[in-house]
2 protein chains.
Amino acid sequence: MTQSREDDRRGARSPSAAIVDAAFRLFAENGYDETSVDDIATAAGVSRSSFFRLFGSKEMVIFPDHDAILAAVEERLAASTQKSAILAVSDAVRVVLFHYIAEGPLARRRYRLTSTVPALRERELISGSRYQQLFRQYISAWGDGSEESERRGELMAAAVVAAHNRVLRRWLREECADPHMEIDEAMAQVNALFAPPSGTRAVVVVRTDQDLDAVAEQLRAL
Amino acid sequence: MTQSREDDRRGARSPSAAIVDAAFRLFAENGYDETSVDDIATAAGVSRSSFFRLFGSKEMVIFPDHDAILAAVEERLAASTQKSAILAVSDAVRVVLFHYIAEGPLARRRYRLTSTVPALRERELISGSRYQQLFRQYISAWGDGSEESERRGELMAAAVVAAHNRVLRRWLREECADPHMEIDEAMAQVNALFAPPSGTRAVVVVRTDQDLDAVAEQLRAL
């Protein structure tokens, strides 16, 4: 329970840490929909009004930072143009990932909870779709407005969020030793799929009966 | 209200059509969570037990076919191997899309409802994630088990579902005259992104100072 370590040193948990502890325990024991704000406040030894002053809503106890992260992602995307789009998307993905990594054990504790309480897993899926929608909106705006370009925005946004989610999930499960390296690799894979051809780079598909070494030889001569 | 046309010809709506009509109206007026099965049964003039005999749950009134479509998708994917993977994925996507298109006006009516009732939009998002999970599972199983291949499965599943959703949404909004053509184009776009290199096809990236016409000339000579 790392987030209350500081409070432990002071000899008492803060009301906010007590609320998080009580809520996580009650959601795991009784389910999300079945737990009321009153149940949480009572278990944490705080008043209902203290609860709402500190968290605003029941969902905010679990996901207090979604709106702030979403705003940070939008800020990064909005600071870009078509030219720097891939960099902006890669940066924005890292904003989200590194937020959770900075949370440390709290993020892993939340993951264990969302993995076992269906209603919380659903809240998380819905919030993931807000990121995807935001990425789609910006990537599409950087395109030429054709149906193919709009579709590309949709596909790329889906791939970006999937890449992020995979690295985050692996880190949460302690399957990934170096999330910085993994997100670099994952975003390189996404970018290799979606990178638009630039002036000095040609992507060509060749059908040939020659073996690949011979083809490579001739390509090297270009 | 096409789905009750047959009943109208018989001079009366079926209990099932009456339930759908009542539920759609109440969800739109009062919200999904705020509408009980009893409310729907009363408005439709049927008993609570008739409701459950016909629909099983409140959610099933809106999405009666999710489980059946998911099973059909899985059946198509399971009948494939790595070699025919892209075909299987393309077929499976069409299973879902053409189910909704076959529903006709009912699908559009549901779309108007899910667009305006947040809880129903969320149910749909959650069900979409089940498709994505299923595609990921099969696409990953066709890979070599490396982290890059697993990640590719994740990215491709996300792109496949995004492509499907775009075409479906355009059709539901009557922005798309020919969904058969659009899904062909969308899946071709996905496949061009993710198609693995095969024995007689080389995908090469060339950096060159020559102009593209000169490069093309030399490639044609291969």
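All chains use their own residue numbering, which begins from 1 and follows the written sequence. All chains are assigned letters beginning with A, and all ligands numbers beginning with 1, in the order in which they are written. pLDDT decides what is reported in this predicted model: residues at 70 or higher carry local features, side-chain atom pairs at 80 or more are listed and counted, and totals for whole chains, interfaces and linings draw on all residues regardless.

> Help me out: how do you make sense of the overall build of chain A in this one?
Numbering of helices and strands runs from the N terminus; a helix is a DSSP stretch of H or I covering at least four residues, while a strand is a stretch of E covering at least two. Secondary structure assignment for chain A yields 12 helices and one strand. Listing the helices and strands of chain A from first to last along the sequence gives α-α-α-α-α-α-α-α-α-α-α-β-α. The burial label depends on the number of other C-beta atoms within 10 Å of a residue's C-beta. Counts of 20 or more mean buried, 12 or fewer mean exposed, and intermediate counts mean partly exposed, with C-beta atoms placed from the backbone. The 222 residues of chain A split such that 29% are buried. Once C-beta atoms are placed from the backbone, any two residues with those atoms within 7 Å are in contact. In chain A, 56% of the contacts between residues at least 6 apart in sequence involve partners at least 24 apart.

> How should the packing of helix α2 (residues 15-30) of chain B against helix α3 (residues 37-44) of chain B be read in this particular structure?
All names here are of chain B. In this analysis an axis means a line fitted to C-alpha atoms, helices contributing only their contacting stretch, and an angle means the value between N-to-C directions, from 0 to 180 degrees. α3 packs onto α2 with a crossing angle of 125° between their chain directions and a minimal axis gap of 8 Å. What the angle tells us is that α2 and α3 run oblique. In this structure, α2 meets α3 at a crossing whose hand is right-handed. Mapping the contact onto sequence places Ala-18, Ile-19, Ala-22, Ala-23 and Leu-26 in α2 and Asp-39, Ile-40, Ala-43 and Ala-44 in α3. Grouping the amino acids of the contact of α2 with α3 by side-chain chemistry returns eight nonpolar, no polar and one charged. Roughly parallel here means an angle under 35 degrees, roughly antiparallel means over 145, roughly perpendicular means 65 to 115, and every remaining angle is called oblique. We call a crossing left-handed when the near helix sits turned anticlockwise from the far one by less than a right angle, and right-handed when that turn is clockwise. We call Asp, Glu, Lys and Arg charged. Ala, Val, Leu, Ile, Met, Phe, Trp, Tyr, Cys and Pro are nonpolar, and the rest, Gly among them, are polar.

> Looking at this structure, how should I read the environment of Gly-153 of chain A?
Residues and elements named next belong to chain A. Positionally, Gly-153 belongs in helix α10 (residues 147-172). Assessed through the 22 C-beta atoms surrounding it within 10 Å, Gly-153 is described here as buried. Between the C-alpha atom of Gly-153 and that of Thr-81, which follows or precedes it by 72 residues, the distance is 14 Å. Look past the residues within four positions of Gly-153 in its chain and what remains in contact with it is Arg-136, Ile-139, Ser-140 and Gly-143.

> What's the story with the packing of α10 of chain A against helix α10 (residues 147-172) of chain B in this structure? I'm lost.
The geometry of a pair of packed helices is captured by two quantities: the angle between their axes and the separation between those axes. Two elements in contact, α10 of chain A and α10 of chain B, have axes separated by 8 Å at closest approach and are oriented at 145°. The interaxial crossing formed by α10 of chain A with α10 of chain B has right-handed handedness. Judged by residue contacts, Arg-151, Glu-154, Leu-155, Ala-158, Ala-159, Val-161, Ala-162, Ala-163 and Arg-166 of chain A of α10 of chain A engage Arg-151, Glu-154, Leu-155, Ala-158, Ala-159, Val-161, Ala-162, Ala-163 and Arg-166 of chain B from α10 of chain B. By residue class, the composition of the contact of α10 of chain A with α10 of chain B is 12 nonpolar, no polar and six charged.

> What's the story with the domain arrangement of chain A in this structure? I'm lost.
Accessible area lost when the parts come together is the quantity often used to give the size of an interface. Residue and element names in this part refer to chain A. Its domain assignment divides chain A into domain 1 (2-61) and domain 2 (63-194). Here the C-alpha centre of domain 2 lies 28 Å away from the C-alpha centre of domain 1. Domain 1 puts 11 residues into the contact, and the matching count from domain 2 is 12 residues. The leading source of residues in the side of domain 1 that touches domain 2 is helix α2 (residues 15-30), at three residues. In the side of domain 1 that touches domain 2, the residues fall into six nonpolar, three polar and two charged. Domain extents, as shown, originate in an automatic or database domain assignment.

> Please explain the nonpolar core as it appears in this structure.
One broad rule of soluble globular proteins: the nonpolar side chains tend to lie buried together. Only buried residues count toward a nonpolar core: Ala, Val, Leu, Ile, Met, Phe, Trp, Tyr and Cys, linked into one set through C-beta atoms within 7 Å. Ala-158, Ala-159 and Val-160 of chain A together with Ala-158, Ala-159 and Val-160 of chain B are the most contacted members of the largest nonpolar core, which totals 64 residues. When sequence neighbours within four positions are dropped, the list of residues in contact with Ala-159 of chain B reads Leu-155, Ala-158 and Ala-159 of chain A together with Val-190 and Leu-193 of chain B.

> I'm lost on unusual backbone geometry in this one. Help?
Glycine aside, a negative phi is what most residues show, and trans is what most peptide bonds show. Of note, the phi angle at Glu-174 of chain A is positive, near 60°, even though the residue is not glycine. Here Glu-174 of chain A lies in the loop between α10 and α11 (179-194).

> Sorry, what's going on with the environment of Leu-172 of chain A here?
Residue and element names in this part refer to chain A. As for its placement among the helices and strands, Leu-172 is situated in helix α10. In this structure, the C-alpha to C-alpha distance between Leu-172 and Ile-101, residues 71 residues apart in sequence, is 8.5 Å. Non-local contacts of Leu-172, meaning those with residues more than four positions away in its chain, are made with Ala-107, Arg-108 and Tyr-111.

> For this particular structure, what's the right way to read α2 of chain B?
Note that an α-helix has 3.6 residues per turn; residues three or four places apart therefore point the same way. All names here are of chain B. Multiplying one less than the number of residues by 1.5 Å gives the expected span of a helix. With 16 residues, α2 ought to run about 22 Å at 1.5 Å a step, and its terminal C-alpha atoms sit 22 Å apart, in line with that. Residues of α2 that are buried include every one of Ser-16, Ala-18, Ile-19, Val-20, Ala-22, Ala-23, Phe-24, Leu-26 and Phe-27, and no others. In the core, the buried residues of α2 are packed alongside α3, α4 (48-55), α5 (58-62), α8 (105-116) and α9 (118-141). Where α2 ends, the next residue or the one after it, Gly-31, has phi of about 95°, a positive value.

> In this structure, what is going on with the environment of Phe-63 of chain B? I would like to understand it.
Turning to its location among the elements, Phe-63 of chain B is positioned in the loop between α5 and α6 (66-78). Not counting the four nearest positions on each side in its chain, Phe-63 of chain B is found in contact with Arg-123 and Ser-127 of chain B.

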